[in-house]
Amino acid sequence: AQSVAQPEDQVNVAEGNPLTVKCTYSVSGNPYLFWYVQYPNRGLQFLLKYITGDNLVKGSYGFEAEFNKSQTSFHLKKPSALVSDSALYFCAVRVITNAGKSTFGDGTTLTVKP
Amino acid sequence: EPEVTQTPSHQVTQMGQEVILRCVPISNHLYFYWYRQILGQKVEFLVSFYNNEISEKSEIFDDQFSVERPDGSNFTLKIRSTKLEDSAMYFCASSELWRGDYEQYFGPGTRLTVT
């Protein structure tokens with residue numbers, strides 16, 4: 001069975017500071033990893049994905065994430081946070097053989113203060 | 001850019017009533033999914049659908065739930081007799097292929113409120 005853990009319910013950072021939202025996963029086989037963002041009363045917006053290749057992937061709005069196979073992690077990062085980045089962030093994992101089902105973490109609420 | 005659409009955006013219904021949530025996936029996509037998010041909780045997989053058949057379903061997707069592709073564009077989720085605990089945001093998603101490296105595109109969601 002596949003699973004995703006986001007160990008922090010809440011992350012608070014000051015505007016302009018770097019941010020990290022943590023994600024670890026457990027799968028059988030090669031993982032495909034995704035980050036989504038959800039603003040209040042809105043749907044899920046795709047941020048970035050890791051499929052294969054370079055462990056550092058860059059996505060929308062200046063976000064990036066680093067795939068670390070030995071630590072089974074896929075932490076989301078941004079060098080300089082904006083107040084508008086405040087939202088709920090979900091990490092998700094898929095594997096090649098499961099009819100495309102995504103398994104999501106519990107979500108992390110990011111609050112960026114001015 | 002093509003997108004997944006869902007209607008209605010908000011549905012209020014009484015316990016025991018049937019509801020149908022509608023989705024229009026991206027036109028060249030072949031795989032369709034429903035997910036559920038109870039307020040403040042994680043997004044949970046309900047069902048995947050391909051070639052007019054369910055590919056996989058979760059334990060949440062019991063006999064009260066059904067999915068259908070009634071025509072070439074719509075994909076629906078029916079809840080036969082709604083319960084209070086069915087109140088949630090329901091997301092439809094579609095992807096070109098089933099493989100995990102193919103991105104799922106999510107719709108904006110339908111907020112279902114059961115009273």
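Now for a quick tour of the structure.

What counts and what doesn't
- Residues numbered from 1 in each chain as written.
- Chains lettered and ligands numbered in written order.
- Predicted model: local features only at pLDDT ≥ 70, side-chain atom pairs only at ≥ 80, totals over all residues.
- Heavy atoms only, no water.
- Helix = DSSP H or I, 4+ residues; strand = E, 2+ residues; numbered from the N terminus.
- Contact = heavy atoms within 4.5 Å.
- Buried area = accessible area lost by both parts, 1.4 Å probe.
- Salt bridge = Lys/Arg side-chain N within 4 Å of Asp/Glu carboxyl O.
- Polar contact = N/O pair within 3.5 Å; in protein donor to acceptor, adjacent residues only side chain to side chain.
- Nonpolar A, V, L, I, M, F, W, Y, C, P; charged D, E, K, R; others polar.
- Core = buried A, V, L, I, M, F, W, Y, C linked by side-chain atoms within 4.5 Å.
- Buried < 20%, exposed > 50% of the residue type's maximum accessible area, 1.4 Å probe, protein only.
- Phe/Tyr/Trp six-rings, centres within 6.5 Å; stacked < 30°, edge-to-face > 60°.

**Thoughts on unusual backbone geometry**
Here is step 1 of the chain: Of note, the amide linkage connecting threonine 7 of chain B to proline 8 of chain B takes the cis form, showing an omega dihedral of -10°.
Here is step 2 of the chain: Along the chain, proline 8 of chain B turns up in the loop between strand 1 (5-7) and strand 2 (10-13).
Here is step 3 of the chain: You will see that tyrosine 61 of chain A, though not glycine, has its phi angle at about 60°, which is positive.
Here is step 4 of the chain: Of note, tyrosine 61 of chain A is situated in the loop between strand 7 (56-58) and strand 8 (64-68).
Here is step 5 of the chain: Non-glycine residue threonine 72 of chain A carries a positive phi angle of around 45°.
Here is step 6 of the chain: Here threonine 72 of chain A is to be found in the loop between strand 8 and strand 9 (73-78).

**Some points on the interface of chain B and chain A**
Here is step 1 of the chain: Facing 23 residues of chain B, the contacting portion of chain A comprises 25 residues.
Here is step 2 of the chain: Between chain B and chain A, a total of about 1,900 Å² is buried, with carbon and sulfur atoms accounting for 54% of that surface.
Here is step 3 of the chain: Counting the contacts that link chain B with chain A gives 2 salt bridges.
Here is step 4 of the chain: Remark: the boundary between chain B and chain A carries 5 residue pairs in polar contact (both at pLDDT 80 or more).
Here is step 5 of the chain: Looking at the side of chain B that touches chain A, the elements that each hand over two or more residues are strand 4 (31-37), strand 5 (43-50), strand 6 (53-57) and strand 9 (88-95) of chain B.
Here is step 6 of the chain: Grouping the amino acids of the side of chain B that touches chain A by side-chain chemistry returns 9 nonpolar, 8 polar and 6 charged.

**Some details on the nonpolar core**
Here is step 1 of the chain: Trp35, Leu47, Leu48, Phe74, Leu76 and Tyr89 of chain A are the most contacted members of the largest nonpolar core, which has 28 residues in total.
Here is step 2 of the chain: Within the residue set of this core, elements represented by two or more residues are strand 2 (10-14), strand 3 (19-21), strand 5 (32-38), strand 6 (44-50), strand 8, strand 9, strand 10 (87-94) and strand 12 (108-113) of chain A.
Here is step 3 of the chain: Discounting residues that sit within four places of it in the chain, leucine 47 of chain A has contacts with Trp35, Tyr36, Val37, Gly59, Ser60, Tyr61, Phe63, Leu76 and Tyr89 of chain A.
Here is step 4 of the chain: Residues Val4, Ile26, Val47 and Ile79 of chain B belong to the second largest nonpolar core, which totals 22 residues.

**A word on the packing of aromatic side chains**
The relative placement of two aromatic rings is captured by the distance of their centres and the angle of their planes.
Here is step 1 of the chain: In this structure the tally under the stated criterion is 18 aromatic pairs over all chains.
Here is step 2 of the chain: Summarising the aromatic geometry, the rings of tyrosine 25 of chain A and phenylalanine 67 of chain A are spaced 6.2 Å apart at their centres and angled 20° between planes, so their arrangement reads as stacked. Taken together, the positions of tyrosine 25 of chain A in strand 4 (residues 24-26) and phenylalanine 67 of chain A in strand 8 put the pair 42 residues apart, joining distant regions of the chain. Phenylalanine 67 of chain A shares its class with tyrosine 25 of chain A; the two are buried.
Here is step 3 of the chain: Ring geometry for tyrosine 33 of chain B versus tyrosine 35 of chain B: centroids 6.4 Å apart, planes at 35°, classification tilted. Considered together, tyrosine 33 of chain B and tyrosine 35 of chain B belong to a single accessibility category, that of buried residues.
Here is step 4 of the chain: Taken together, Phe34, Tyr36, Phe46, Phe90 and Phe104 of chain A together with Tyr33, Tyr35, Phe45 and Phe106 of chain B form an aromatic cluster joined through their ring pairs.

**Remarks on the side chain of histidine 29 of chain B**
All names here are of chain B.
Here is step 1 of the chain: Among the structural elements, histidine 29 can be located in the loop between strand 3 (19-24) and strand 4.
Here is step 2 of the chain: Judged by its relative accessible area of 7%, histidine 29 falls in the buried class.
Here is step 3 of the chain: Here serine 94 takes part through its side chain, which lies 2.7 Å from a polar atom of the side chain of histidine 29.
Here is step 4 of the chain: If sequence neighbours within four positions are ignored, histidine 29 has contacts with Ser94, Ser95, Glu96 and Tyr105.

These results come straight from atomic positions and should not be treated as a statement about function.
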